[in-house]
Amino acid sequence: MAKKALCVGINDYPFAGNDLKGCVNDALCWAKLLNEHFGFDQADIKILLDGEATKDNILAALDELIAVGAPGDTLVFTNSSHGTYLTDTGG
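What you see is a predicted model; the values in this text were computed from it and never measured.

Colleague: Is there a simple way to think about the sheet that holds strand β2 (residues 45-49) in this case?
Modeller: Strand pairing in a sheet relies on backbone hydrogen bonds. The paired strands run either parallel or antiparallel. Pairing is parallel across the open sheet formed by three strands, whose spatial order is β2-β1-β3. Taken across any chain shown, the strands that pair with only one partner, and hence form the sheet edges, are β2 and β3 (74-80). Between one strand and the next, the sheet's axes are offset by a mean angle of 5 degrees, whatever the strand orientation. Bridge count between strand β1 (residues 3-9) and β3: seven bridges; the pairing is parallel. Paired with G9 across the bridge in β3 is S80.

As C-alpha cells, this is what we get:
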C-alpha cells in the first residue's frame, strides 16, 4: 500500500502587507513529519511553496495524487496559506 502526500505552503503574496511568515515552514515540517514518523518516502511527498503553489499547480498535483491512489493507500494533502470567508447565501 502506497503513501503519498502533497504539502503546500505560501508565505509570499503579491500585495503589500499580505505576506505570511510560517506557511512555508509548516509545509516543510509536515513533509518531514510524514517522512520521519509515518514512513512516507521522500520521493512520494510533493512540496509546493510560494510561487510554485499556483492554483493550476495545486489542482494538477491533487489530480495526480488522486489518480495514483488505490484502495488501501494513504493520501495526504496539507495546505498552509491565507484563507477567506464567504457568506452562505444559499441557506
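Colleague: Would you take a moment to explain the layout of surface pockets for this structure?
Modeller: In this approach the atoms are scanned with a rolling probe the size of a water molecule, which exposes any empty space left behind. Taken as a whole, the largest pocket encloses approximately 160 Å³ of empty space. Sorting the residues of the lining of the largest pocket by element identifies β1, β2 and α2 (55-68) as the ones contributing at least two each. For the lining of the largest pocket, the leading source of residues is α2, giving four residues. The residue makeup of the lining of the largest pocket, split by class, is seven nonpolar, no polar and four charged.

Colleague: Would you explain the side chain of S80 in this entry?
Modeller: Following the sequence through the fold, S80 ends up in strand β3. By relative accessible area, S80 is classed as buried at 13%. Leaving out residues up to four positions away in the same chain, S80 has contacts with V8, G9, I10, C23 and D26.

Colleague: How do you make sense of the pairing of β1 when you look at a structure like this?
Modeller: Regular strands place their side chains on alternate faces of the sheet. Within β1, five of the seven residues are buried, which leaves it mostly tucked inside the rest of the structure. Note that β1 and β2 share five bridges and pair parallel. Looking at β2, one finds that C7 is bridged to I47. Note on the crossover from β1 through helix α1 (residues 23-38) to β2: the handedness is right-handed.

Colleague: Would you take a moment to explain a nonpolar patch on the surface for this structure?
Modeller: A surface patch of nonpolar side chains, amounting to about 290 Å² of accessible area, comprises W30, L33 and F38. Along the polypeptide, F38 turns up in helix α1. A residue is classified by how much of its surface remains accessible, and F38, at 44% relative accessible area, is partly exposed.

Colleague: Looking at this structure, how should I read the side chain of N11?
Modeller: Within the secondary structure layout, N11 lies in the loop between β1 and α1. Here C23 takes part through its backbone nitrogen, which lies 2.7 Å from a polar atom of the side chain of N11. Not counting residues up to four positions away in its chain, the partners in contact with N11 are D19, L20, K21, G22, C23, V24 and D50.

Rules used in this analysis
- Residues numbered from 1 in each chain as written.
- Predicted model: local features only at pLDDT ≥ 70, side-chain atom pairs only at ≥ 80, totals over all residues.
- Heavy atoms only, no water.
- Pairing = 2+ DSSP bridges.
- Helix = DSSP H or I, 4+ residues; strand = E, 2+ residues; numbered from the N terminus.
- Axes fitted to C-alpha atoms, helices over the stretch in contact; angles between N-to-C directions.
- 1 Å grid on protein atoms, 1.4 Å probe; cavity = no way out; pocket = protein on both sides within 12 Å on 5 of 7 lines; lining within 4 Å.
- Points joined across faces, edges and corners; volume = space filled by probe spheres on them.
- Nonpolar A, V, L, I, M, F, W, Y, C, P; charged D, E, K, R; others polar.
- Buried < 20%, exposed > 50% of the residue type's maximum accessible area, 1.4 Å probe, protein only.
- Contact = heavy atoms within 4.5 Å.
- Right-handed = clockwise from strand over helix to strand, strands pointing away.
- Patch = residues over 30% accessible without salt bridge, like charges linked within 9 Å, V, L, I, M, F, W, Y side chains within 5 Å.
- Areas by Shrake-Rupley, 256 points an atom, 1.4 Å probe, with all protein chains shown as cover.
- Salt bridge = Lys/Arg side-chain N within 4 Å of Asp/Glu carboxyl O.
- Polar contact = N/O pair within 3.5 Å; in protein donor to acceptor, adjacent residues only side chain to side chain.

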